[in-house]
Amino acid sequence: MKRIFCALLALTLGVLPARAISGEPSVEAPAAILMEKETGTILYEQGAHDRYEPASVTKIMTMLLVMEAVDSGRISMEDRVQASAYACSMGGSQIYLKEGEQMTVRELLKSVAVASANDAAVALAEHLAGSESSFVAWMNERAAQLGMKNTTFCNCTGLPDPDHQTTAYDIALMSRELIRHEEIRGFTTIWMDSVREGQFQLSNTNKLIRFYDGATGLKTGFTASALFCLSATAERDGMELIAVVLHAPTSEKRFESAKSLLTFGFSNYALVEARPDQALPPVDVSLGVSPVVQPVLREPGKILADKGELNKITTSVQLTDRVEAPVEQGQKLGTMTIYLDGVEQKSIPIVADAGVDRLTTGDVFTRFLRRLFMAD
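Residues numbered from 1 in each chain as written. Predicted model: local features only at pLDDT ≥ 70, side-chain atom pairs only at ≥ 80, totals over all residues. Heavy atoms only, no water.

**Q** Which residues make up the overall build of the chain, and what values do they have?
**A** The number of helices and strands found in the chain is ten helices and 19 strands. Within the chain, the fraction of its 376 residues that count as buried is 51%. Put simply, 67% of the contacts in the chain that link residues at least 6 apart link residues at least 24 apart. Per element, the accessible surface of the chain, about 16800 Å² overall, is 49% carbon and sulfur. The average position of the 36 basic charges and that of the 47 acidic charges among the side chains of the chain differ by 3 Å. (Helix = DSSP H or I, 4+ residues; strand = E, 2+ residues; numbered from the N terminus. Buried < 20%, exposed > 50% of the residue type's maximum accessible area, 1.4 Å probe, protein only. Contact = heavy atoms within 4.5 Å. Areas by Shrake-Rupley, 256 points an atom, 1.4 Å probe, with all protein chains shown as cover. Lys, Arg positive; Asp, Glu negative; His and termini not counted. Charge placed at Lys NZ, Arg CZ, Asp CG, Glu CD.)

In structure tokens, the structure reads:
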């Protein structure tokens, strides 16, 4: 192995001024959390694992299952969904579906994301799973897969049920998964819109979409038992944050707490991408149809850092001198390790950017003859 040591010179956010962590956010709710999306790092928490009813924040999971079904090709945004009598009976926030009325998945998803429509959520659940109860079983299964250990869903809307509970941490987990689907932003960032060809107006229940710089979503909730809840997402300078607030006493305190969390995160942290300070050299290939293969990072070397410590980020690269064919595309050739103030943060595999086939016996003989005649 040959070892290359290099200091980090490339930061996706540029060189930022050093500054210490500023004061903690002001949160007027018993449960809250701030998470960075890319790394899942928790930047602030209080009561994050205490269980509360989430009200319509529940619909994050409903939208996630819809988006996953769309992305997998199981359903299309243009599929038409017929509303059942049960879906139309939901009450609360709704778009007043009528039994037998048909809307596209796109229209119903928009109604859920923007106006928190309970009838639209149930119509989508029935379309995907046949019944709300089957859909709820699917919700709980997906929650378990995401590591949401303190969550029990009893419905797909968040309508009151004492057994329907989750935590700020678990909500952050499902929020993080939902915003991986970039298409959802086309719905969660809408301030005002309409359905039924403009006949029914929608207004976003998340006021941060209009009044907070960089807001990207995500979902509000309120019932008399859950009080005021919110999962708020925002992105600035390539870093997206998730702020969850549960059981706030007023709507204003819900939004102000989320804003304070997000601002705390953006003021103190940066998502940076570490790269070697020079191009990775080609690796020699023995007995290959190509004499070399180009090494590349398998994934971006992104880490989260305090803005006051960006000058303490360094990297080291270990790269093999030679590899024997055949070489598969993506085959590991080395490792780049990222350090923050000398402490290892992350290791990124260095892999082959293309495959290299092994020379056949005929290829070896042909090369030998060429060299022989060229020598004469």
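Right, picking up where we left off after that structure.
**Q** Go over the state of the cysteines with me, naming the residues and quoting the values.
**A** The final tally for this structure, using the stated rule, is zero disulfides. Cysteine Cys 88 shares no disulfide, and the gap to the nearest cysteine sulfur, in Cys 156, comes to 13 Å. Among the residues examined, Cys 88 registers a relative accessible area of 18% and is labelled buried. Owing to a relative accessible area of 0%, Cys 156 belongs among the buried residues under this scheme. (Disulfide = S-S within 2.5 Å.)

**Q** Give me the packing of aromatic side chains: which residues, what numbers.
**A** Scanning all chains against the criterion turns up five aromatic pairs. Residues Phe 135 and Trp 138 carry aromatic rings whose centres are separated by 5.6 Å and whose planes lie at 75 degrees to one another, so their mutual orientation is edge-to-face. Of this pair, Phe 135 and Trp 138 both sit in helix α5 (residues 132-145), three residues apart, which is roughly one turn of that helix. Ring plane angle 70 degrees and centroid distance 6.2 Å describe the contact between Phe 264 and Tyr 269, whose orientation is recorded as edge-to-face. Residue class for Phe 264 comes out buried when judged on its relative accessible area of 7%. The ring centre of Phe 200 lies 5.5 Å from the NZ or CZ of Arg 196, which sits over that ring. Over the ring of Phe 255 we find Arg 254, and its NZ or CZ is 4.6 Å from the ring centre. (Phe/Tyr/Trp six-rings, centres within 6.5 Å; stacked < 30°, edge-to-face > 60°. Lys NZ or Arg CZ within 6 Å of the ring centre and 35° of its normal.)

**Q** Give me α5: which residues, what numbers.
**A** Given a rise of 1.5 Å per residue, 14 residues ought to cover 20 Å, and the 20 Å separating the end C-alpha atoms of α5 matches this to within 8%. For α5, the complete set of buried residues consists of Glu 132, Phe 135, Val 136, Met 139, Arg 142 and Ala 143. Down the axis of α5, the sector holding all buried residues measures 120 degrees, keeping them to one side. Away from its buried face by more than 90 degrees, α5 exposes Ser 133, Ala 144 and Gln 145. On the buried face of α5, the contacting elements are α1 (59-71), α2 (85-88), α4 (118-129) and α6 (168-178). (Expected span 1.5 Å × (residues − 1). Arc of directions from axis to C-beta.)

**Q** Could you give an account of the sheet that holds strand β2 (residues 31-36), with specific residues and numbers?
**A** One open sheet holds the five strands; their spatial order is β3-β2-β10-β9-β8, and the pairing between them is antiparallel. Here the strands that pair on one side only, and so sit at the sheet edges, are β3 (42-46) and β8 (215-223). Across the sheet, the mean angle from the axis of one strand to that of its neighbour is 5 degrees, orientation sign disregarded. Where β2 lies against strand β10 (residues 239-248), six bridges are found, and the strand directions are antiparallel. Within β10, the residue paired with Ala 32 across the bridge is Val 245. In the packing of α1 onto the sheet, contacts are made with β8 and β9 (227-236), and the angle to β8 comes to roughly 130 degrees. (Pairing = 2+ DSSP bridges. Axes fitted to C-alpha atoms, helices over the stretch in contact; angles between N-to-C directions.)

**Q** How would you sum up the nonpolar core? Please name residues and give values.
**A** Within the largest apolar cluster, 67 residues are counted, with the highest numbers of intra-cluster contacts made by Met 61 and Leu 108. Going through the elements one at a time, β2, α1, α2, α3 (105-115), α4, α5, α6 and β10 are the ones with two or more residues in this core. Counting residues per element, this core draws most heavily on α1, which supplies nine residues. Contacts of Leu 108, omitting those with residues within four sequence positions, involve Val 81, Ile 95, Leu 97, Met 103, Ala 120, Ala 123 and Leu 124. Residues Leu 241, Leu 261, Phe 264 and Tyr 269 belong to the second largest nonpolar core, which totals 28 residues. (Core = buried A, V, L, I, M, F, W, Y, C linked by side-chain atoms within 4.5 Å.)

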